[in-house]
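Tertiary structure, described
One-letter residues, chain by chain:
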Amino acid sequence: MFEGQPDIEGMRALFAADRVEIALCAFFDFADEPLRLCTRTIPFVDNENGDTWASGSGLLIGLPSVDFSDNSLAPEREFNLGISESSALADDWRKVLTDAVDDFANYQGRAYSLQLQVFSGGQPFGYPIYIDRGKMSRQSLKFGPDISMISLMCEAGATRFNVPSGLYLTGPDQKSLYPTDEGLDFTTESGKLVIWTKF
């Protein structure tokens, strides 16, 4: 976990304390403008790349549970993002949001990451620690009486990218992706569900 940190012993000492000051940081590599949000109310600049992490207040509404259990064969992460002030104040704000969700080139297949930044005395200590990373896959809009938000689904690093999460590794499913592939036709498990890995 501390590999690559500039002060490993200092990091270990902070984690050994009764309390650790941290912030969760979410990065979304949108083509038009990459977005870096954190759970702090005050933005900060990280020590690794000099990136500025903006306050996620009002924008970072919901973070996913990061599960690495044996049953997580195709982990997807759902981030709930608030609507930016500029979008909310637009006269045609619903169209602005719908157009953003429909702009697949702006997000599909592009990187996301969830990181943890440790602080000491209110200042970032060491480099952000990666918790999870992968690719953004799809967005949808949620409109409600009290809040409207964008649901952003991401495929974690353990996912077979661009494969529907309900698709299993059977002969027919493999042929739906690769019509000439006959490899699974000759396995002893032919016609049965094959679970290749457990994460």
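Residues numbered from 1 in each chain as written. Predicted model: local features only at pLDDT ≥ 70, side-chain atom pairs only at ≥ 80, totals over all residues. Heavy atoms only, no water.

**Overview of the overall build of the chain**
For clarity, the threshold we go by: Going along the chain from the N terminus, every DSSP run of H or I of four or more residues is numbered as a helix, and every run of E of two or more is numbered as a strand. We call a residue buried when its accessible area falls under 20% of the maximum for its residue type, exposed when it is over 50%, and partly exposed in between, using a 1.4 Å probe and counting protein chains only. Note on definitions: a residue-residue contact is assigned when non-hydrogen atoms from the two residues lie within 4.5 Å.
For the chain, the helix and strand inventory stands at four helices and nine strands. Put simply, the chain runs from its N terminus to its C terminus through helices and strands in the order α-β-β-β-β-β-β-α-α-β-β-β-α. In the chain, which comprises 199 residues, the proportion classed as buried is 35%. Long-range contacts, defined as pairs at least 24 residues apart, comprise 54% of the intrachain contacts of the chain with a sequence gap of at least 6.

**What about the sheet that holds strand β7 (residues 111-120)?**
What counts here: A pair of strands is labelled paired if DSSP reports no fewer than 2 bridges between them. Between the N-to-C directions of two axes lies an angle of 0 to 180 degrees, each axis being a line fitted to C-alpha atoms and, for a helix, fitted only over the stretch in contact.
Read across the open sheet, the nine strands follow the order β3-β4-β2-β1-β7-β8-β9-β6-β5; overall the sheet is mixed. Every interior strand has two partners, whereas the edge strands, β3 (44-45) and β5 (60-62), have only one. With eight bridges joining them, strand β1 (residues 21-28) and β7 adopt antiparallel strand pairing. Each residue of the ladder has a partner; that of alanine 26, found in β7, is leucine 114. Set on the sheet, helix α1 (residues 8-16) makes contact with β7 and β8 (123-143); between it and β7 the angle comes to about 80°. Most of the contacts of helix α3 (residues 93-102) go to β8, to which it runs at about 110°, and overall it touches β8 and β9 (148-156).

**Focus on the confidence of the model for the chain**
Note the following rule: A residue's pLDDT is the predictor's confidence in that residue, given on a scale from 0 to 100.
Of all residues in the chain, 81% attain a pLDDT of 70 or more, and the chain-wide mean is 81. Across the chain, element-level confidence peaks in β3 with a mean pLDDT of 96 and bottoms out in helix α4 (residues 171-177) with 72.

**Thoughts on a negative patch on the surface**
Quick reminder of the rule: Within the patch definition used here, like charges are joined within 9 Å and nonpolar side chains (Val, Leu, Ile, Met, Phe, Trp, Tyr) within 5 Å, considering only residues with over 30% relative accessible area and no salt bridge. Each accessible area value is a Shrake-Rupley result obtained with a 1.4 Å probe; residue values ignore everything except the protein chains displayed when judging cover. By definition, a salt bridge exists where a carboxyl oxygen of Asp or Glu is found within 4 Å of a side-chain nitrogen of Lys or Arg. By the counting rule applied here, Lys and Arg register as positive and Asp and Glu as negative, while His and the ends of each chain are not counted. Lys charges are placed at NZ, Arg charges at CZ, Asp charges at CG and Glu charges at CD.
A surface patch of negative charge is lined by Asp32, Glu33, Asp102 and Asp103. Relative to the assigned elements, aspartate 103 resides in the loop between α3 and β7.

**Points about the environment of aspartate 46**
This is how the line gets drawn: Here a polar contact is taken to be a pair of N or O atoms separated by no more than 3.5 Å, where protein atoms must pair a possible hydrogen donor with a possible acceptor and residues adjacent in sequence count only if both atoms sit in side chains.
Here aspartate 46 lies in the loop between β3 and β4 (52-55). Sequence separation between aspartate 46 and glycine 126 is 80 residues; the distance between their C-alpha atoms is 8.3 Å. Not counting residues within four places of it along the chain, the set of residues in contact with aspartate 46 comprises Asp51, Trp53, Gln117 and Pro128. A polar side-chain atom of aspartate 46 sits 3.1 Å from the main-chain amide nitrogen of glycine 50.

**A word on the pattern of salt bridges**
A full pass over the atoms with the stated rule returns seven salt bridges. A salt bridge links lysine 95 to aspartate 99, with the shortest nitrogen-to-oxygen separation between them at 2.6 Å. Here lysine 95 pairs with aspartate 99, and both are found in helix α3, just four residues apart, close to one helical turn. Its relative accessible area of 49% is what places lysine 95 among the partly exposed residues. Of the residues examined, aspartate 99 reaches a relative accessible area of 40% and is grouped as partly exposed.

**Things to note about the side chain of serine 113**
With respect to the element layout, serine 113 can be found in strand β7. Among the polar contacts listed, one links the side chain of serine 113 to the side chain of glutamine 115, at a separation of 2.8 Å. When near neighbours in sequence (up to four residues on either side) are disregarded, serine 113 contacts Cys25, Ala26, Phe27, Tyr130, Asp132 and Arg133.

**Here we look at the packing of aromatic side chains**
Our working definition: Ring pairs shown here join Phe, Tyr and Trp side chains whose ring centres sit within 6.5 Å, with only the six-membered ring taken for Trp; geometry is labelled stacked below 30 degrees between planes, edge-to-face above 60, and tilted in between. We call a charge positioned over a ring when the NZ of a Lys or the CZ of an Arg lies within 6 Å of the ring centre and within 35 degrees of the ring normal.
Counted by the stated rule, this structure contains six aromatic pairs. With a centroid separation of 5.6 Å and an interplanar angle of 70°, the aromatic rings of phenylalanine 79 and tyrosine 112 are classed as edge-to-face. Of this pair, phenylalanine 79 sits in strand β6 (residues 76-82) while tyrosine 112 is found in strand β7, placing the two residues 33 residues apart along the sequence. Here a set of aromatic residues connected by ring pairs shows up, and it is made of Phe28, Phe30, Phe79 and Tyr112. Positioned above the aromatic ring of tryptophan 53, the side-chain terminus of arginine 36 is 6.0 Å from the ring centre. One residue, arginine 40, lies across the ring of phenylalanine 119, its end atom 4.2 Å from the ring centre.

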